[in-house]
Amino acid sequence: MNFKILEANGIKIRSMIAGEGPLVVLVHGFPESWYSWRHQIPIIAKAGYTVAAIDVRGYGDSDNPYPIDAYSMRNLSLDVIGVIDALKFNDAILIGHDWGGPIVWTTAALNEDKISAVAGLSVPFFPRGKISAIDLFKKIYEGKFFYQLYFQKEGQAESELENNIERFLELFYFSSDARGIKYSIENNLGKNNKDPEATLLDDMPVFKTYPSWITKKELSYFVKEFSKNGMRGPLNRYRAQQIDFNELLELSNKKIKQPAGFCTGSLDPVNFFTGTGFKNAEDLREKIGGNYENLISTALLENTGHWTQQENPKEVNKFILSFLSKV
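Counting starts from 1 at the beginning of each chain's written sequence and moves along it residue by residue. Owing to the predicted nature of the model, reporting of local features is limited to residues with pLDDT of at least 70; listing and counting of side-chain atom pairs is limited to 80 or more, with chain, interface and lining totals taken over all residues. For the side-chain quantities, the full set of heavy atoms in the structure was used; hydrogens and water were omitted.

A. Empty space enclosed by the protein, seen in detail. A cavity here means a set of points on a 1 Å grid, drawn over the protein atoms and nothing else, where a 1.4 Å probe fits but cannot get out; a pocket is an open set with protein on both sides within 12 Å along at least five of seven lines, and a residue lines either one if it has an atom within 4 Å of a point. Grid points are joined across faces, edges and corners, and a volume is the space filled by probe spheres set on the points. Enumeration over the complete set of coordinates arrives at two cavities of 30 Å³ or more. Quantified by volume, the largest cavity comes out at close to 80 Å³. Taken together, 13 residues line the largest cavity, and the ones lying closest to its centre are Val56, Tyr59, Trp99, Ile103 and Arg237. For the lining of the largest cavity, the element with the highest residue contribution is helix H10 (residues 232–239), accounting for three residues. In terms of lining, the second largest cavity is formed by Ile13, Val27, Ile54, Val56, Arg57, Leu76, Asp79, Val80 and Ile103. If you tally residues by element for the lining of the second largest cavity, the top one is helix H2 (residues 73–86), at three residues. Following the grouping adopted for this structure description, the nonpolar residues are Ala, Val, Leu, Ile, Met, Phe, Trp, Tyr, Cys and Pro, the charged ones are Asp, Glu, Lys and Arg, and the polar ones are all others, Gly among them. Considering only residue class, the lining of the second largest cavity consists of seven nonpolar, no polar and two charged. Runs of E in the DSSP output that reach at least two residues are strands. Runs of H or I that reach at least four are helices, and both are numbered from the N terminus.

B. Molecular detail of the environment of Ala86. Relative to the assigned elements, Ala86 resides in helix H2. Once the C-alpha coordinates of Ala86 and Tyr49 are considered, the two residues, 37 residues apart in sequence, prove to be 17 Å apart. Contact between two residues is taken to exist if any of their heavy atoms lie within 4.5 Å; hydrogens are not considered. In this structure Ala86 touches Leu6 and Glu7, once residues within four positions along its chain are discounted.

C. Up close: the pattern of salt bridges. Salt bridges are defined by distance alone: a side-chain nitrogen of Lys or Arg within 4 Å of a carboxyl oxygen of Asp or Glu. The full count for this structure, using the stated rule, is 19 salt bridges. The closest approach of N and O atoms between Arg14 and Asp55, which form a salt bridge, is 2.7 Å. With Arg14 in strand S2 (residues 11–18) and Asp55 in the loop between strand S4 (50–54) and H2, this pair connects stretches of sequence that are 41 residues apart. Look at Asp55 and you get buried, because its relative accessible area is 0%. When the shortest N-O distance is used, the salt bridge between Glu166 and Lys216 registers 3.3 Å. With Glu166 in helix H7 (residues 165–176) and Lys216 in helix H9 (residues 216–229), this residue pair connects regions lying 50 residues apart in the sequence. You can call Lys216 partly exposed: its relative accessible area is 48%. Type-normalised accessible area, obtained with a 1.4 Å probe on protein chains alone, sets the label of each residue: buried when under 20%, exposed when over 50%, and partly exposed for intermediate values.

D. Broad picture of the sheet that holds strand S3 (residues 23–27). What the eight strands build is an open sheet, ordered S1-S2-S4-S3-S5-S6-S7-S8; its pairing is mixed. What marks the edges here is a single partner per strand, and that holds for strand S1 (2–8) and strand S8 (295–301). Strand-to-strand twist in this sheet, taken as the mean axis angle between neighbours without regard to direction, amounts to 20 degrees. A pair of strands is labelled paired if DSSP reports no fewer than 2 bridges between them. Pairing between strand S6 (residues 115–121) and strand S7 (residues 260–265): four bridges, direction parallel. Only the stretch in contact is used when a helix axis is fitted, and all axes are lines through C-alpha atoms; the angle between N-to-C directions ranges over 0 to 180 degrees.

E. How the structure looks around the nonpolar core. Nine residue types can take part in a nonpolar core, namely buried Ala, Val, Leu, Ile, Met, Phe, Trp, Tyr and Cys, and a core is a set of them joined through side-chain atoms within 4.5 Å. Counting 101 residues, the largest nonpolar core has Phe30, Phe151 and Leu200 as the members making the most contacts within it. Look past the residues within four positions of Phe30 in its chain and what remains in contact with it is Tyr59, Asp98, Trp99, Phe151, Phe168, Phe172, Met231, Pro234, Leu235, Tyr238 and Trp307.

F. Geometry of the packing of H7 against H9. For the pair H7 and H9, interaxial distance at closest approach is 9 Å and the crossing angle is 120 degrees. In terms of their interaxial angle, H7 and H9 are classed as oblique. Judged by the twist between their axes, the crossing of H7 over H9 is right-handed. Of the residues in H9, those in contact with Ile165, Glu166, Leu169, Glu170, Tyr173 and Phe174 of H7 are Lys216, Leu219, Phe222, Val223, Phe226 and Ser227. Taken together, the residues that form the contact of H7 with H9 break down as eight nonpolar, one polar and three charged. Each angle gets one of four labels, with under 35 degrees taken as roughly parallel, over 145 as roughly antiparallel, 65 to 115 as roughly perpendicular, and the rest as oblique. If you view the pair so one helix is near and one far, a crossing is left-handed when the near helix is turned anticlockwise from the far one by less than a right angle, and right-handed when it is turned clockwise.

That's the geometry; what it means functionally is another story.
Shown next, in the form of structure tokens:
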């Protein structure tokens, strides 16, 4: 594996590159890094693919422009296309996790000739709604705390998270993995009963030990990455959602046409605040299948929280290799 700094869409995107063969681009979410795919990169490369695990703009050693509109979904999609072009491929297979999911879904929907297949972890594809996500959240969480609404406050969220990046990542990661979700369920936490003026880290559970899926040394890599540029770039993705709603009219009533796959954990909190709450694998396919023309692979991983490919790399690798073999 080796790093390359790629000129893509007018900015620099850092990518970890491995292997030879058809191109697979891996796109991480918040608050993550190319390093989130450390368990997948060698496996996919060994299977006969060129793997490019990127740092999304605003992260790591990729450029981190200041304006909110620089982080629109259209810009992030153009970054992915720029990576494909910079690596001199005609097309690519995309796999994304968390915010990387909407990034790869949108890229596939807008570039059907360049994206041959697409898969997402944690966040399935949704066409453009009748109102923006932010306006929807304002209605659903009126008088309540919701992290995405809190992130809209420029400067305030940055100040809280950057005050102690290690503590932020420990609390944020560990509250959303399988152990953290089980703890929250057992102790009736996370029911949107926080004061609307609360901050993100208020009342998050504190664990004395690290979970089995990450070591302190591995977390220190993420800390180092976020210490470079701070949190404004990553947070701007949340702030650009109104821009997305206004810019992406073509995603209204859109379906993903390419061969597609979706994998998530049974304890992923995204399933709950998006209203999906999958009961089993069949229920998952029934609830999201209508948004795809060719949904060829689905998986619901037991005892897995939000950090899908890190928490359960064995099953995620199995899912990815099976998906790749079909496309």
